[in-house]
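Residue-level listing of the chains:
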Amino acid sequence: MHRSKIKIVNLKKQFSDTGRYITDGLTLDIPEGKLTCIIGRSGEGKSVLLKQIIGLIEPTSGSIFVDGKDTVGLVGKDRISNFKKFGYVFQSAALLDSLTVFENIGIVDLEDGIDPALVRKRVQEKLSLVDLDQSTIDKYPSELSGGMKKRVDLARTLMGNPEIILYDEPTTGLDPITVKVVHELISSMQKKLNVTSVVISHDVDIFNYADKVALLYEGKIETELSAQGIWESQDPYIYQFIRGLPHGPIQLEHVVIKNKA
Ligand SMILES: Nc1ncnc2c1ncn2[C@@H]1O[C@H](COP(=O)(O)OP(=O)(O)OP(=O)(O)O)[C@@H](O)[C@H]1O
């Protein structure tokens, strides 16, 4: 048995504009130091779930335990210290084109007034961690490939020394070779730093690296299983989803509107 890093219990999120419960009684254990992959249809609420975990969106009800402490409703310093445990890697590497790699990665430390020589040293360490050549440090984003930009993005996330890294569709728009390279990077990062990783992905290649896969359907975790046996799984939801089959328990159109006011 692995220790749980994040434990989500009966989480619900309703947006007032539609009344729809995007998260609808979701319960999930995210093991410490492992790579958990969350899959589900487009618009299912995967990003909304990540944003609730990190504290960017306030749940309507339920609990999110991080290291055993419920983080829902935290305010002030407690909220900030919980937030600092997380790194968040977005779909597109949001690098500022007018800044160098050094400035992009070190931006927070530089703005905090930390000696630029010290920041440079820290940035160099993070570049090695993500296997980028040190000569990259003075380049601009426009000089980098898509895969290199992802590495820079991850290096920037690592500057906060996160315990948990959330990746929101990190390979969307990348070619299949770069997809594999990015997945290998995510996996090696998790092993080198022993961080807890949560990856939202539509790319089945991630199953080669994940420890656990959870399928989100209609606001709940419908199935969770070890990634190792996923292709042999006879679970009807998993079977249909990972093969992209039109027929099965998962409806194609996301049309179910639930109003539980
Ligand atoms: N702030 C918000 N206010 C109202 N509705 C929202 C808000 N944020 C997200 N939603 C709705 O929640 C639903 C789930 O969105 P989300 O982005 O989490 O889906 P997803 O599973 O990540 O989709 P994809 O795989 O396409 O990225 C969508 O219908 C979206 O419109």
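Residues numbered from 1 in each chain as written. Predicted model: local features only at pLDDT ≥ 70, side-chain atom pairs only at ≥ 80, totals over all residues. Heavy atoms only, no water.

## Quick notes on the site of the ligand
As a reminder of what qualifies: Residues are classed as near a molecule or strand on a simple rule: at least one heavy atom within 4 Å of it. Each polar contact in these results corresponds to two N or O atoms within 3.5 Å; when the atoms are within protein, one needs to be able to donate a hydrogen and the other to accept it, and residues that are neighboring in sequence are counted only if both atoms are side-chain atoms. For the accessible areas, the method is Shrake-Rupley and the probe is 1.4 Å, while residue cover comes only from the protein chains on display. The helix count covers DSSP runs of H or I at least four residues long, the strand count covers runs of E at least two residues long, and both are numbered beginning at the N terminus. When residue character is reported, Ala, Val, Leu, Ile, Met, Phe, Trp, Tyr, Cys and Pro are called nonpolar, Asp, Glu, Lys and Arg charged, and the others, Gly included, polar.
Surrounding the ligand, one finds 14 residues, the nearest of these being G43, G45, K46, S47 and V48. R20 has a polar side-chain atom sitting 3.2 Å from an oxygen atom of the ligand. When the ligand is considered free in solution it has 640 Å² of accessible area, and contact with the protein chains removes 62% of it. For the shell around the ligand, the element with the highest residue contribution is helix α1 (residues 46-54), accounting for three residues. Its residues assigned to classes, the shell around the ligand comprises three nonpolar, five polar and six charged.

## Details of empty space enclosed by the protein
Gaps left between atoms show up when a probe the size of a water molecule is rolled over them. Note the threshold: We place a 1 Å grid over just the protein atoms. Points where a 1.4 Å probe fits but has no way out form a cavity, open points with protein on both sides within 12 Å along at least 5 of 7 lines form a pocket, and any residue with an atom within 4 Å of a point lines it. Grid points are joined across faces, edges and corners, and a volume is the space filled by probe spheres set on the points.
Within this structure, the stated rule accounts for two cavities of 30 Å³ or more. Of the voids in this model, the second largest cavity is the one considered here, and its volume is about 50 Å³. When contributions to the lining of the second largest cavity are tallied by element, the ones reaching two or more residues are α5 (146-158) and α6 (176-193). For the lining of the second largest cavity, the element with the highest residue contribution is α6, accounting for three residues.

## Remarks on the pattern of salt bridges
Basically, it comes down to this: Note on definitions: salt bridges are taken to be side-chain nitrogens of Lys or Arg within 4 Å of carboxyl oxygens of Asp or Glu. Any residue under 20% of the maximum accessible area for its type is buried, any over 50% is exposed, and the rest in between are partly exposed; the area is computed with a 1.4 Å probe on protein chains only.
Counted according to the given criterion, the structure contains 15 salt bridges. In this structure, K5 engages E32 in a salt bridge whose closest nitrogen and oxygen atoms are separated by 3.9 Å. Taken as a pair, K5 in strand β1 (residues 4-14) and E32 in the loop between β2 (21-31) and β3 (35-39) lie far apart in primary sequence, 27 residues in all. When its relative accessible area of 30% is taken as the criterion, E32 is described as partly exposed. Three or more residues joined by partner-sharing salt bridges are found here, namely R3, K5, E32, D67, K85 and E163.

## Details of the sheet that holds strand β10 (residues 220-226)
Applied cut-off: Two strands make a pair as long as DSSP finds a minimum of two bridges between them. To get an axis, fit a line to the C-alpha atoms, keeping to the stretch in contact for a helix; angles then go from 0 to 180 degrees between the N-to-C directions.
Overall, mixed pairing links the six strands, which are arranged β6-β7-β8-β3-β9-β10 in an open sheet. Pairing within the sheet leaves two strands with one partner each, and these edge strands are β6 (86-89) and β10. Taking each pair of neighbouring strands and ignoring which way they run, the sheet shows an average axis angle of 20°. The sheet contact formed by β3 and strand β8 (residues 196-200) spans four bridges and is parallel. Of the residues in β8, the one forming a bridge with T36 is V198.

## Some words on the layout of surface pockets
Put simply, the largest pocket is a space of about 680 Å³. F86, V108, R156, T157 and G160 are, among the 21 residues lining the largest pocket, the residues nearest its centre. Sorting the residues of the lining of the largest pocket by element identifies β6, α3 (101-111) and α5 as the ones contributing at least two each. Tallying contributions element by element places α3 first for the lining of the largest pocket, with four residues.

## Digging into the sheet that holds strand β4 (residues 61-66)
Operational definition: Note on definitions: a residue-residue contact is assigned when non-hydrogen atoms from the two residues lie within 4.5 Å.
Read across the sheet, four strands follow the order β2-β1-β4-β5 without closing on themselves; strand pairing throughout is antiparallel. Each having just a single partner strand, β2 and β5 (69-70) make up the two edges of the open sheet. The strands touched by α1 are β1, β2 and β4; relative to β1, the strand with the most contacts, the crossing angle is about 120°.

## Focus: the pairing of β6
Here β6 shows no split at all, with F86 and Y88 on one side and G87 and V89 on the other all buried. As defined by bridge partners, β6 adjoins strand β7 (residues 164-168) across four bridges and the pair is classed as parallel. Within β7, the residue paired with G87 across the bridge is I165.

## Here's the deal with the confidence of the model for the chain
Here is the rule we go by: A score from 0 to 100, pLDDT tells how confident the predictor is in each residue.
For the chain, per-residue confidence averages 90 on the pLDDT scale, and 96% of positions sit at 70 or higher. In the model, residues 255-261 has pLDDT below 50 throughout and makes 16 contacts with residues more than four positions away in sequence or in other chains. Here the predicted complex carries an ipTM of 0.96, next to a pTM of 0.90.

## Considering the environment of Q124
Of note, Q124 is situated in helix α4 (residues 116-129). For Q124, a relative accessible area of 31% puts it in the partly exposed group. If we ignore the near neighbours within four places in the chain, the residues touching Q124 are Q134 and I137.

## Some details on helix α7 (residues 236-243)
What α7 keeps buried is the set Y237, I238, Q240 and I242. Contacts from the buried residues of α7 go to β3, β9 (212-217) and β10. In the segment just after α7, G244 is the residue with positive phi, at about 65°.

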